[in-house]
Amino acid sequence: MSSNTAVRTARRRTLRLAAAALTAAAALTLTACSGSDAEGAKSAGRTDTGAAAAEAGGAGSSAEAQGSGSQASPGAQAGPDAKADSKAGAAGKQSSGAHATGAGKAASPVRTQRLADGVSKAEIYKLGEQHYRAKIVARGSVLATLETKKGDAGLDANDMFITLTLDGQVHSWMGGGHQGPGTFKLAGGWTAKVTKVGELRYRAQIIGHDGVAATLETNQQDTGVNANGVYIVLSAGGVISAHQ
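These notes cover the structure that comes with them. On a predicted model such as this, the values are computed, not experimentally measured, just so you know.

Summed over the entire model, instances satisfying the criterion amount to one aromatic pair. Centroid distance Phe 161 to Trp 173: 5.9 Å. Interplanar angle 20°. Geometry classified as stacked. Placement of the pair is Phe 161 in strand E6 (residues 160-164) and Trp 173 in strand E7 (residues 170-174), with a sequence separation of twelve residues. Look at Phe 161 and you get buried, because its relative accessible area is 0%. Its relative accessible area of 3% is what places Trp 173 among the buried residues.

Below, the structure is given as C-alpha cells:
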C-alpha cells in the first residue's frame, strides 16, 4: 500500500468517527430536548390541572359558602312553606302592631244622646261601677264634662239643665230656673230652700211631705240629683231648676 492510499484511508476513518460523534451528539441533544419538552409538557399539564382544580375548588367553596349563608339566614328559603311562614309572621307583627294601637286609644262611649237644645249631645262613658262620665259636645267641641263621684251630677249650660245619674242616665231640659237665695216650688211637689254659704257656694234643701229628703251643695261647680224621678240641678250661681 502506497503512502497516499494510507493517508486517504486514515482521513476516511477520521471523518467517519467525527460523523459518528456528531450523530451521537445530535441524538443526545434531541433526547435531552425531547426530555425537557416532555417534562415541560408534564409540568404544564400538572399546572393547568392544578389551576383547574383550584378553580373548581374555589367555585365549590363559593357554592358551599352561598349554601351555608342561605341555610344560616332563617326565612331565606324559597319554598312555599317558608313564604307562608314569612307572610304569617308579618301578619302577626302587623296584627300585634294592630292590637297595641287599639289599646292606646281612648275608650268609646257606651252611647251618645241628643240633648234638649237640639244642638248638643252627650257622650256617655262608663268608668266603673256607678261611675260614669258625660261629655257635652256641640259642633265638634266639648263644652263641659259631668262625672258621677259617689253621687249624681248636674249642670246648668246656659239655661239648659242636665243631670247624670249613678246608673249612667242623662236627662236634660230647658228653662224653669229660680235664682236663689230663696224658697221655691219644684216639679213633683218638692220644695227647695236655697241659701248662700260662700263665694260660688249655695246649698239647697229638697223638702217633701216628710221633711228634708236631700241636700244639694255647690263647691264652685254645679250639682244635681234624681229625687224619685224628679231631676234637680243647683248651679254654682244659686240657680235651681227641676224637671219630671
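Sheet topology places strand E3 (residues 131-138) next to strand E4 (residues 141-147); six bridges connect them, and they run antiparallel. Bridge pairing links Ala 138 to Ser 141 in E4. Taking the residues that link successive antiparallel strands as the turn, the E3-E4 hairpin has two residues, and the phi of Arg 139 there is positive, at about 55°.

A separate point is the environment of Thr 223. Here Thr 223 is to be found in strand E13 (residues 223-227). Residue Thr 223 is classed as buried on the basis of its relative accessible area, which comes to 15%. For Thr 223, the contacting residues outside a window of four places in its chain are Ala 153, Gly 154, Leu 216, Glu 217, Thr 218, Ile 232, Val 233 and Leu 234.

Calculation rules
Residues numbered from 1 in each chain as written. Predicted model: local features only at pLDDT ≥ 70, side-chain atom pairs only at ≥ 80, totals over all residues. Heavy atoms only, no water. Phe/Tyr/Trp six-rings, centres within 6.5 Å; stacked < 30°, edge-to-face > 60°. Helix = DSSP H or I, 4+ residues; strand = E, 2+ residues; numbered from the N terminus. Buried < 20%, exposed > 50% of the residue type's maximum accessible area, 1.4 Å probe, protein only. Pairing = 2+ DSSP bridges. Contact = heavy atoms within 4.5 Å.

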